[in-house]
Amino acid sequence: MRAAFGFRSHSGFATLVVATGSLAKGQVLERRRIELVAAGVPRQPYHEAQPLPFAAAEALVGRARAEALRAAQVAVAAALEDARNRGLLVQRAGLLVGSGKRLPPLDKILASHALIHAAEGELYREVLRGACEAAGLRVAPVPEKEVRARGAELLGGKDALERRLVALGRELGAPWREDEKHAALAAWMAAGSGR
C-alpha cells in the first residue's frame, strides 16, 4: 500500500504523520514526534549565537545544523523502516514551509531578531528536506499559511475540511493537534502531487 509522510517542524523537533489514500478517504496510520537536537546543542542556535563573536557564532550554527541533519536522517530512516515493516511504500513527503524568502548571510541574520526567528524555522525545515531527499523521497513543499485553504479546495470548502478533520480526530484519538492535522494535510497533498 502506498503512503506518504507529512512533516511540521518546530525549534528542535518535528511532527511526522504517515498517511495513506487521499484527504477525502485516507487514513492516518501513525503520528510521532522526531527530536532534531542532540544533547549539548541548543534548540535555538541562532539565538544562542547572536551575542557571540562571529567565528564562534558561525561554528555554533554549523554544528547545530549538522547535528539536526544527522538526527533527521536517523528519524526518517527509522520511519521508512517501520513503514516497510507494515507493508507500506513511501516515496513522497509533504513538508510545511515558511514564506520562501531567501535569508541573508549569517552576519545580517544575527543583527535582526526577526531574521533570527526566521532562520531558526528555516534550519529545521531544511534538515528535514535534506534527510527526506537523502532517503530517496520526493519532497513536496506546502506553504504553512496555505495548508488549510488548499485542504478546503480539495474537499469542496472550509466546512467540509473541518468536518473531515474532526472525524479523523475522533477516529484517531489524542494527540490530534494542529501539528498532526497540518502534517497529515501535507502528506495527502504530497501523495497527490504526482497525479
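Bear in mind that the values here come from a model prediction, so they are computed numbers and not experimental data.

Colleague: How should I be thinking about the pattern of salt bridges in this particular structure?
Modeller: Once the charged atoms of two side chains with opposite charge are near each other, the side chains can pair. Taken as a whole, this structure holds 17 salt bridges when the rule is applied. Residue R32 is joined to E30 by a salt bridge in which the shortest nitrogen-to-oxygen separation is 2.5 Å. One salt bridge in this structure joins R125 and E122, with 3.3 Å as the shortest N-O distance. Here E122 and R125 lie together in helix α4 (residues 113-134), a separation of three residues that amounts to about one turn. With a relative accessible area of 17%, R125 lands in the buried category.

Colleague: Explanation requested: the pairing of strand β4 (residues 89-97) in the structure shown.
Modeller: Side chains on a regular strand alternate between the two faces of the sheet. Within β4, seven of the nine residues are buried, which leaves it mostly tucked inside the rest of the structure. Note that strand β1 (residues 2-10) and β4 share six bridges and pair parallel. Bridging from a neighbouring strand, R2 pairs with L89 of β4. Summarising the sheet, β4 and strand β5 (residues 138-143) pair through six bridges and their orientation is parallel. Looking across to β5, one finds that L95 is bridged to P141.

Colleague: What is the right way to look at the packing of aromatic side chains in this model?
Modeller: The geometry of an aromatic ring pair is captured by the separation of the ring centres together with the interplanar angle, meaning the angle of the planes. The full count for this structure, using the stated rule, is one aromatic pair. Taking the centre distance of 6.1 Å and the plane angle of 90° together, the rings of F5 and F7 count as edge-to-face. For the pair F5 and F7, a shared accessibility class is recorded, and that class is buried. Looking at R33, its charged tip hangs above the ring of F13, at a distance of 3.7 Å from the centre.

Colleague: When you look at the packing of helix α5 (residues 147-155) against helix α6 (residues 158-172) in this model, what are you seeing that I'm missing?
Modeller: A packed helix pair is summarised by two numbers, namely the angle formed by the two axes and the spacing between the axes. At a closest axis distance of 7 Å, the pairing of α5 and α6 adopts a crossing angle of 95°. On the basis of the axis angle, α5 is roughly perpendicular to α6. Contacts from R148, G151, A152 and L155 of α5 reach α6 at K158, A160, L161, E162, R164 and L165. Considering only residue class, the contact of α5 with α6 consists of five nonpolar, one polar and four charged.

Colleague: Explain α5 to me, please; I cannot follow it from the model alone.
Modeller: An α-helical turn contains 3.6 residues, so any two residues separated by three or four positions project in the same direction. Taken together, the buried positions of α5 are occupied by V147, G151 and A152. Along α5, the residues classed as buried sweep out an arc of 135° about the axis, all on the same side. Those residues of α5 that are buried lie in contact with β4, β5, α6 and α7 (178-192). Just past α5, the residue G156 takes up positive phi, approximately 90°.

Colleague: What's the story with the pairing of β1 in this structure? I'm lost.
Modeller: Here β1 lies mainly inside the structure; seven of its nine residues are buried. Relative to strand β2 (residues 13-20), β1 is paired through eight bridges, and the arrangement is antiparallel. Considered in β2, the bridge of F7 is made with L16. Hairpin connection from β1 to β2: two residues lie between these consecutive antiparallel strands, with G12 at a positive phi of about 95°.

Colleague: Would you explain the nonpolar core in this entry?
Modeller: As a rule of thumb, nonpolar side chains are buried together in soluble globular proteins. Counting 38 residues, the largest nonpolar core has F5, F7, Y46 and L137 as its most contacted members. Broken down by secondary-structure element, the contributors of at least two residues to this core are β1, β2, α1 (45-49), α2 (54-85), β4, α3 (106-110) and α4. Broken down by element, the residue count for this core peaks at ten residues, all from α2. Among the nonpolar cores identified, the runner-up in size contains 22 residues, and V142, L168, W176 and A191 belong to it.

Colleague: Explanation requested: the sheet that holds β1 in the structure shown.
Modeller: Remark on secondary structure: sheet strands pair via backbone hydrogen bonds, oriented parallel or antiparallel. Read from one edge to the other, the open sheet built from five strands follows the order β3-β2-β1-β4-β5, with strand pairing classed as mixed. The open sheet has two edge strands with one neighbour each: β3 (27-35) and β5. Here the average twist between neighbouring strands, direction ignored, is 25°. Sitting on the sheet, α2 is in contact with β1, β2, β3 and β4, with an inclination near 155° to β3.

Criteria and cut-off values
- Residues numbered from 1 in each chain as written.
- Predicted model: local features only at pLDDT ≥ 70, side-chain atom pairs only at ≥ 80, totals over all residues.
- Heavy atoms only, no water.
- Salt bridge = Lys/Arg side-chain N within 4 Å of Asp/Glu carboxyl O.
- Helix = DSSP H or I, 4+ residues; strand = E, 2+ residues; numbered from the N terminus.
- Buried < 20%, exposed > 50% of the residue type's maximum accessible area, 1.4 Å probe, protein only.
- Pairing = 2+ DSSP bridges.
- Phe/Tyr/Trp six-rings, centres within 6.5 Å; stacked < 30°, edge-to-face > 60°.
- Lys NZ or Arg CZ within 6 Å of the ring centre and 35° of its normal.
- Axes fitted to C-alpha atoms, helices over the stretch in contact; angles between N-to-C directions.
- Parallel < 35°, antiparallel > 145°, perpendicular 65-115°, else oblique.
- Contact = heavy atoms within 4.5 Å.
- Nonpolar A, V, L, I, M, F, W, Y, C, P; charged D, E, K, R; others polar.
- Arc of directions from axis to C-beta.
- Core = buried A, V, L, I, M, F, W, Y, C linked by side-chain atoms within 4.5 Å.

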